[in-house]
Amino acid sequence: MPGRFSIRDSLPQYTEEECADALFAAKWPDGFRCPRCAHSRPYEVSSRGRRLFECRSCSHQTSLTAGTVLEGTRTPLTKWFQAMYLMQYGISAVLLAEIIYVTYKTAWLINHKLRHAVGERDRVIPLEGSLQLLGEYYGYDYHRYFSDRLAHGELKPQPIVVGASLDETGDIVHLKMKAVDGPEGNAAPGSGDSEDEEAIELFVQKHTSAGVAPGQWEVLERSHRGRKAPHHAWREVVRWLAWTFGGIGPKHLQAYLNEFCFRRVRGSSMLAELIDCCGTTDTITYRGLVGARSGIRPIRWTFRRPARSKRYVG
Ligand SMILES: [Zn+2]
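Thresholds, definitions, all that
- Residues numbered from 1 in each chain as written.
- Predicted model: local features only at pLDDT ≥ 70, side-chain atom pairs only at ≥ 80, totals over all residues.
- Heavy atoms only, no water.
- Helix = DSSP H or I, 4+ residues; strand = E, 2+ residues; numbered from the N terminus.
- Buried < 20%, exposed > 50% of the residue type's maximum accessible area, 1.4 Å probe, protein only.
- Contact = heavy atoms within 4.5 Å.
- Areas by Shrake-Rupley, 256 points an atom, 1.4 Å probe, with all protein chains shown as cover.
- Expected span 1.5 Å × (residues − 1).
- Salt bridge = Lys/Arg side-chain N within 4 Å of Asp/Glu carboxyl O.
- Donors = N, O, S within 2.8 Å, 3.2 Å for Na, K, Ca; no water.
- Tetrahedral: all angles 85-135°; square planar, octahedral: opposite > 155°, others 65-115°.
- Pairing = 2+ DSSP bridges.
- Arc of directions from axis to C-beta.
- Axes fitted to C-alpha atoms, helices over the stretch in contact; angles between N-to-C directions.

Visitor: Just give me the short version of the overall build of the protein, but keep the residues and values in it.
Guide: Along the backbone of the protein there are 10 helices and seven strands. Of all 314 residues assigned to the protein, the portion counted as buried reaches 49%. Excluding contacts between residues fewer than 6 apart, the proportion of contacts in the protein whose partners are at least 24 apart in sequence is 63%. Within the structure as shown, the protein displays about 16,300 Å² of accessible surface, and the carbon and sulfur contribution to it stands at 48%.

Visitor: Would you mind going over helix H4 (residues 104–124) in detail, with residue names and values included?
Guide: In this model H4 runs 31 Å from its N-terminal to its C-terminal C-alpha over 21 residues, within 8% of the 30 Å that 1.5 Å per residue would give. When you tally the buried positions in H4, you get 15 out of 21 residues, the bulk of the element.

Visitor: Tell me about the pattern of salt bridges, and please be specific about residues and values.
Guide: Evaluated as defined, the whole model comprises 13 salt bridges. Asp-276 is the salt-bridge partner of Arg-121, the closest N and O atoms lying 3.0 Å from each other. Pair noted here: Arg-121 is in helix H4 and Asp-276 is in helix H9 (residues 270–280), with a separation of 155 residues, a long-range link. The class of Arg-121 is buried, set by a relative accessible area of 16%. Residue Arg-266 is joined to Glu-273 by a salt bridge in which the shortest nitrogen-to-oxygen separation is 2.8 Å. Sharing partners across several salt bridges, the network here consists of Arg-121, Arg-266, Glu-273 and Asp-276.

Visitor: I'd like to hear about the coordination of the zinc ion, residue by residue, with values.
Guide: Around the zinc ion, the protein contributes the donor atoms Cys-34 (SG), Cys-37 (SG), Cys-55 (SG) and Cys-58 (SG), which lie 2.3 Å from the metal centre. One way to put it: the four donor atoms around the zinc ion meet at angles of 103 to 115 degrees, and that makes the site tetrahedral. Considered as a linear motif, the donors of the zinc ion on their single chain read C-x2-C-x17-C-x2-C. Of this pair, Cys-37 sits in the loop between helix H1 (16–27) and strand E1 (42–47) while Cys-55 sits in strand E2 (residues 50–55); the two residues are 18 residues apart in sequence, bridging distant segments of the chain. Accessibility expressed as a relative area gives 33% for Cys-37, which makes it partly exposed.

Visitor: So, the environment of Lys-251: which residues are in play, and what are the values?
Guide: Mapped onto the secondary structure, Lys-251 falls in the loop between helix H7 (229–245) and helix H8 (253–266). Note: C-alpha distance between Lys-251 and Gly-291 (40 residues apart in sequence) is 9.8 Å.

Visitor: Go over the pairing of strand E5 (residues 158–166) with me, naming the residues and quoting the values.
Guide: The buried count for E5 comes to nine of nine residues, which makes it a mostly enclosed element. Side-chain alternation along E5 places Gln-158, Ile-160, Val-162, Ala-164 and Leu-166 on one buried face and Pro-159, Val-161, Gly-163 and Ser-165 on a second face that is also buried. Bridge count for E5 against strand E6 (residues 172–179) is seven bridges, and the pairing is antiparallel. Looking at the pairing, Ile-160 lines up with Ala-179 of E6. Hairpin connection, E5 to E6: the antiparallel pair is bridged by five residues, and Gly-170 has positive phi, about 90 degrees.

Visitor: A description of H1 should follow, citing residues and the corresponding values.
Guide: With 12 residues, H1 extends 16 Å from end C-alpha to end C-alpha; this agrees with the ideal 16 Å at 1.5 Å per step. Listed as buried for H1 are Cys-19, Ala-20, Leu-23, Ala-26 and Lys-27. Taken around the axis of H1, the buried residues stretch over an arc of 125 degrees, which confines them to a single face.

Visitor: Lay out the sheet that holds strand E4 (residues 130–138) with the relevant residues and their values.
Guide: Read across the open sheet, the four strands follow the order E6-E5-E4-E7; overall the sheet is mixed. Bordering the open sheet on either side are E6 and strand E7 (217–220), each of which pairs with just one other strand. Neighbour-to-neighbour, the strand axes of the sheet open up by a mean angle of 20 degrees, direction not taken into account. In the packing of H7 onto the sheet, contacts are made with E4, E5, E6 and E7, and the angle to E4 comes to roughly 35 degrees.

Everything listed here is a matter of geometry and, on its own, says nothing about what the molecule does.
Laid out in structure tokens, this is it:
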């Protein structure tokens, strides 16, 4: 449709070389370093069309993507970098596939690998300073598939703890949302309650810096009348998950929460930091992402329950 704004129009047209340089800088900020002997000078060699670095000291060969989240990919770097750029908009794999011309499965994998990189970065950066904490529940009630399972008791609302570091003006400078009992959550045995004192306490232990003392955090009430920054952030994430994906299932919820938190506080510096995360995080495999027996398919925005398939992944 002529004249209509398309996200494609704003898409940067990188060259493969520019992307390789950016990835190199993220992976080796102080210049090349041999992963085996730490020597700093390589020969650049080419093997079956791939650029390799061969250490001048020990002859170990390594590729640019080895040890990064892009390891083993056959997708051009330009598409990876466009996907990183597009993560600022929080788009679905369905849309990503259309925009960068890859299959749905490739788009899904790229997005999830980027989320993995973001999640790994988040893991090592604790919340600091003055904190506000909010216990919430993710209801899964936006998609018929999940709401049916909720109704049948196969699925329960997921307790989430939202934690925010605030500056003097009350703006969020760092944000985390963690599923209670989730893989990165609080792992409190028997705790199924996000407002539970114990759940909050465990969140503080696990996700805040050692310097945060009791009294430096404020526990907010849910649906508080004078809404604070974490309330707004929670509403935003729920809306994003509903509007963009039609809701997200339990398996991948944490990854989407991590992506949201990453984007929410970074603004215009997001892309640079995402490239950095990708260059310094080991990749995760498809199996690592979905488990051995799952498949990938898009969840479309539809309220009709498909007749047969039970395999859904976010
Ligand atoms: Zn070496």
